[in-house]
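# Commentary on secondary and tertiary structure
In case you want the letters, here they are:
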Amino acid sequence: YRYALILAFSGSAGSFISGSYISQHVNYLFVLILFGSIAVLSFVFNLIPIKESKIQEPKPSLFIIGIIIIFFLGLTTGIIGIGGMVLFMPYMVYVLHFSIRKAIGTTTFSGAMIALFGIIGKSVAGLMYWEIALVVAIGGLVGGYIGPSLSKFFPDRILRYGMVAILLSIIMTVVTDIIKILE
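Described below are features of the structure shown in this document. Being a predicted model, the structure only gives us computed values, none of them experimental.

### Focus on the overall build of the chain
- Secondary structure summary: the chain contains seven helices and zero strands in total.
- When its helices and strands are written in sequence order, the chain yields α-α-α-α-α-α-α.
- Taken over the C-alpha trace, the chain has a radius of gyration of 16 Å; the compact-globule value for 183 residues is 16 Å, and the two agree within 12%.
- Judged by the C-alpha coordinates and their principal axes, the chain covers about 45 × 30 × 30 Å.
- Residues counted as buried form 34% of the 183 residues belonging to the chain.
- For the chain, restricting intrachain contacts to residue pairs at least 6 apart in sequence, the fraction spanning at least 24 positions comes to 86%.
- In the form shown here, the chain has an accessible surface area of approximately 11,100 Å², with 76% of it arising from carbon and sulfur atoms.
- Of note, the chain has its 11 positive side-chain charges centred 12 Å away from the centre of its 6 negative side-chain charges.

In structure tokens, the structure reads:
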């Protein structure tokens, strides 16, 4: 929890700043390109094989770099939403040597905190559709409860393939939307 709290604080600061000030000045095409770029990077990282490591404590210098990265991912999250967190998972797995399951848990916690401050920032800026957000949140709560219970029945490899499939569908959707805008 110590790492998750530190990362959450750094990302939350970036998310609040971006959600309340920057996001209202960004056009839709930029949002799509940013979101698509993050999805492509995460897709590529998820294709890299993971070598399990015995290292549990990340080196302080690498962790400080992570704090800086997650601040900027918080800025990104304030613009595009929680989707920016998928890029931090590969950093946790490949650089900080977290297991995939611990990386998922840590980014879920950190992402929830970062999203909370993004919500506060977007509310301050008047950029929330509360009716839609509440319906989606209820679905997310149900899925968030069921998902971890089911994940213990699947090997890490299957979880990674599932993530790759989801990212690929996101990438195709974003590319389609960008093409429609540019026509």
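### Description of the nonpolar core
- In this structure, Leu 7, Phe 88, Met 92, Leu 96 and Phe 98 are the most contacted members of the largest nonpolar core, which totals 15 residues.
- When residues of this core are traced back to their parent elements, those giving at least two are helix H1 (2–22), helix H3 (60–80), helix H4 (88–95) and helix H5 (100–124).
- Looking at which element gives the most residues to this core, the answer is H4, with five residues.
- Met 92 has contacts with Leu 7, His 97, Phe 98, Ala 103, Thr 106 and Thr 107, leaving out every residue within four places of it along the chain.

### Describing the packing of aromatic side chains
- Counted by the stated rule, this structure contains one aromatic pair.
- Taking the centre distance of 5.5 Å and the plane angle of 80 degrees together, the rings of Phe 71 and Phe 72 count as edge-to-face.
- Overall, the relative accessible area of 26% leaves Phe 71 in the partly exposed class.

### Let's talk about the side chain of Ser 12
- For Ser 12, the position within the fold is in helix H1.
- The class of Ser 12 is buried, set by a relative accessible area of 5%.
- Ignoring any residue separated from it by four or fewer positions in sequence, one finds Ser 12 in contact with Met 113, Ile 114 and Phe 117.

### Here's the deal with the packing of H3 against H4
- Where H3 meets H4, the closest approach of the two axes is 11 Å, and the angle between their N-to-C directions is 170 degrees. Between H3 and H4, the angle is such that the two are roughly antiparallel. Together, Leu 62, Phe 63, Ile 65, Gly 66, Ile 69, Ile 70 and Leu 73 of H3 and Phe 88, Tyr 91 and Val 95 of H4 make up the contact between the two elements.
- Classifying every residue of the contact of H3 with H4 gives nine nonpolar, one polar and no charged.

### What about helix H2 (residues 28–47)?
- With 20 residues, H2 should cover 28 Å at 1.5 Å per step; its first-to-last C-alpha distance of 29 Å lies within 8% of that length.
- Those residues of H2 that fall on the buried side of the exposure criterion are Leu 32, Leu 34, Gly 36, Ile 38, Ala 39, Ser 42, Phe 43 and Asn 46.
- Buried residues along H2 sit in contact with H3 and helix H7 (156–182).

Thresholds applied
- Residues numbered from 1 in each chain as written.
- Predicted model: local features only at pLDDT ≥ 70, side-chain atom pairs only at ≥ 80, totals over all residues.
- Heavy atoms only, no water.
- Helix = DSSP H or I, 4+ residues; strand = E, 2+ residues; numbered from the N terminus.
- Rg over C-alpha atoms; globule rule 2.2 N^0.38 Å.
- Buried < 20%, exposed > 50% of the residue type's maximum accessible area, 1.4 Å probe, protein only.
- Contact = heavy atoms within 4.5 Å.
- Areas by Shrake-Rupley, 256 points an atom, 1.4 Å probe, with all protein chains shown as cover.
- Lys, Arg positive; Asp, Glu negative; His and termini not counted.
- Charge placed at Lys NZ, Arg CZ, Asp CG, Glu CD.
- Core = buried A, V, L, I, M, F, W, Y, C linked by side-chain atoms within 4.5 Å.
- Phe/Tyr/Trp six-rings, centres within 6.5 Å; stacked < 30°, edge-to-face > 60°.
- Axes fitted to C-alpha atoms, helices over the stretch in contact; angles between N-to-C directions.
- Parallel < 35°, antiparallel > 145°, perpendicular 65-115°, else oblique.
- Nonpolar A, V, L, I, M, F, W, Y, C, P; charged D, E, K, R; others polar.
- Expected span 1.5 Å × (residues − 1).

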